[in-house]
Amino acid sequence: MTHTDIHGMRDKAIRELMTKEALLVGASQRVAREVAHYASVVFDKESMGVALNKATDYLLVRIGANKWLA
């Protein structure tokens, strides 16, 4: 298994996780896909933990939660 394969699997996992999280809090399919894409882009530059935190903050903003909740 190459480094590219592993990164692809982790990218897929982070996208699926953020999609499920977004749908669980009541976001639309479009917002869920947008948040998952955002997490993937951040993950390319940061660690998985940072990507998940930033994507969760972004999700809360997109669904209209107050910024202080993030």
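See the structure shown above.
Owing to the predicted nature of the structure, the values given are computational and were not obtained by experimental measurement. (Residues numbered from 1 in each chain as written. Predicted model: local features only at pLDDT ≥ 70, side-chain atom pairs only at ≥ 80, totals over all residues. Heavy atoms only, no water.)

Draft legend 1. Looking closely at the environment of V50. Along the chain, the position of V50 falls in helix α3 (residues 48-62). Distance in space between the C-alpha atoms of V50 and I63 is 20 Å, their sequence separation being 13 residues. (Helix = DSSP H or I, 4+ residues; strand = E, 2+ residues; numbered from the N terminus.)

Draft legend 2. Spatial organisation of helix α1 (residues 3-24). The terminal C-alpha atoms of α1, which comprises 22 residues, lie 32 Å apart, in line with the 32 Å expected from a rise of 1.5 Å per residue. Buried-residue contacts for α1 involve α2 (29-45) and α3. Of the residues flanking the end of α1, it is G26, one or two places downstream, whose phi is positive at about 95°. (Expected span 1.5 Å × (residues − 1). Contact = heavy atoms within 4.5 Å.)

Draft legend 3. Spotlight on the packing of aromatic side chains. Here the structure, examined in full by the defined rule, presents one aromatic pair. Measuring from ring centre to ring centre gives 4.5 Å for Y38 and Y58, while their planes differ by 25°; the resulting arrangement is stacked. Here Y38, found in helix α2, pairs with Y58, found in helix α3; they are 20 residues apart in sequence, far enough to count as distant. (Phe/Tyr/Trp six-rings, centres within 6.5 Å; stacked < 30°, edge-to-face > 60°.)

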